[in-house]
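# Tertiary structure, described
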Amino acid sequence: MIAISVGFQRYTYELMLKHNEFVVSFPSAGMSAEVELFGSQSGRDIDKLKISGTPVQTATLIDGVLLAEASINYECILKDSMIT
Ligand SMILES: Cc1cc2nc3c(=O)[nH]c(=O)nc-3n(C[C@H](O)[C@H](O)[C@H](O)COP(=O)(O)O)c2cc1C
């Protein structure tokens, strides 16, 4: 089990509640451009995966994609959420 903190105004938060699953990716050293893009633009406005061109692969346990160049990808199912 892992706990993460996502701003409730984020598009990510909306998608996590809608689909009940998500991926947590730990970027590798060569992914600084992706980190900057993913961390500063909203998926509401642009297709971040398409614009970055970062390679992806299909997840095996959930309906989603993994970042192929990440150090680790965790395929996650949302078990609980709380607003503080
Ligand atoms: C290094 C880094 C770490 C971040 N960590 C978080 C975080 O833990 N929780 C969060 O809600 N936003 C975090 N952000 C901000 C979001 O990534 C940013 O608001 C992003 O544009 C949200 O995209 P979305 O609207 O598609 O969800 C982080 C940004 C950066 C650059």
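Everything that follows concerns the structure shown earlier in this document.
Predicted model only: the values in this text are computed from it and were never measured.

When you go through the protein chain residue by residue, the secondary structure sums to three helices and four strands. For the protein chain, the α and β elements follow one another from N to C terminus as α-β-α-α-β-β-β. For a compact globule of 84 residues, the expected C-alpha radius of gyration is about 12 Å, and the protein chain comes in at 13 Å, within 12% of that figure. About 6,300 Å² of surface is accessible on the protein chain, with carbon and sulfur atoms providing 53% of the total. Looking at charge distribution, the protein chain has the averaged site of its 6 positive side-chain charges lying 6 Å from that of its 10 negative ones.

The biggest cluster of nonpolar side chains holds five residues, and these are Met 16, Phe 22, Val 24, Cys 76 and Leu 78. Sequence-distant contacts of Met 16, defined by excluding residues within four places in its chain, comprise Ile 4, Val 6, Glu 21, Phe 22 and Leu 78.

This next bit is on the packing of aromatic side chains. Applying the stated criterion to the full structure yields one aromatic pair. Aromatic side chains Phe 26 and Tyr 74 sit 5.9 Å apart centroid to centroid with 90° between the ring planes, which places their arrangement in the edge-to-face category. Taken together, the positions of Phe 26 in strand β1 (residues 21-26) and Tyr 74 in strand β4 (residues 72-77) put the pair 48 residues apart, joining distant regions of the chain.

Inspection of the entire model under this criterion finds one salt bridge. One salt bridge in this structure joins Glu 14 and Arg 44, with 3.0 Å as the shortest N-O distance. Here Arg 44 lies in the loop between α2 (32-40) and α3 (48-52) and Glu 14 lies in helix α1 (residues 11-19), a separation of 30 residues in the sequence. Here Glu 14 falls in the partly exposed class, since its relative accessible area comes to 41%.

Okay, the site of the ligand next. The environment of the ligand is made up of 13 residues, and the closest members are Ser 5, Gly 7, Thr 12, Ser 42 and Gly 43. Residue Arg 10 places a side-chain N or O atom 3.1 Å away from an oxygen atom belonging to the ligand. In this structure, Thr 12 approaches the ligand through a side-chain N or O atom, which is 2.5 Å from an oxygen atom. Of the residues belonging to the shell around the ligand, the class tally is three nonpolar, eight polar and two charged.

Rules and cut-offs
Residues numbered from 1 in each chain as written. Predicted model: local features only at pLDDT ≥ 70, side-chain atom pairs only at ≥ 80, totals over all residues. Heavy atoms only, no water. Helix = DSSP H or I, 4+ residues; strand = E, 2+ residues; numbered from the N terminus. Rg over C-alpha atoms; globule rule 2.2 N^0.38 Å. Areas by Shrake-Rupley, 256 points an atom, 1.4 Å probe, with all protein chains shown as cover. Lys, Arg positive; Asp, Glu negative; His and termini not counted. Charge placed at Lys NZ, Arg CZ, Asp CG, Glu CD. Core = buried A, V, L, I, M, F, W, Y, C linked by side-chain atoms within 4.5 Å. Buried < 20%, exposed > 50% of the residue type's maximum accessible area, 1.4 Å probe, protein only. Contact = heavy atoms within 4.5 Å. Phe/Tyr/Trp six-rings, centres within 6.5 Å; stacked < 30°, edge-to-face > 60°. Salt bridge = Lys/Arg side-chain N within 4 Å of Asp/Glu carboxyl O. Near = heavy atom within 4 Å. Polar contact = N/O pair within 3.5 Å; in protein donor to acceptor, adjacent residues only side chain to side chain. Nonpolar A, V, L, I, M, F, W, Y, C, P; charged D, E, K, R; others polar.

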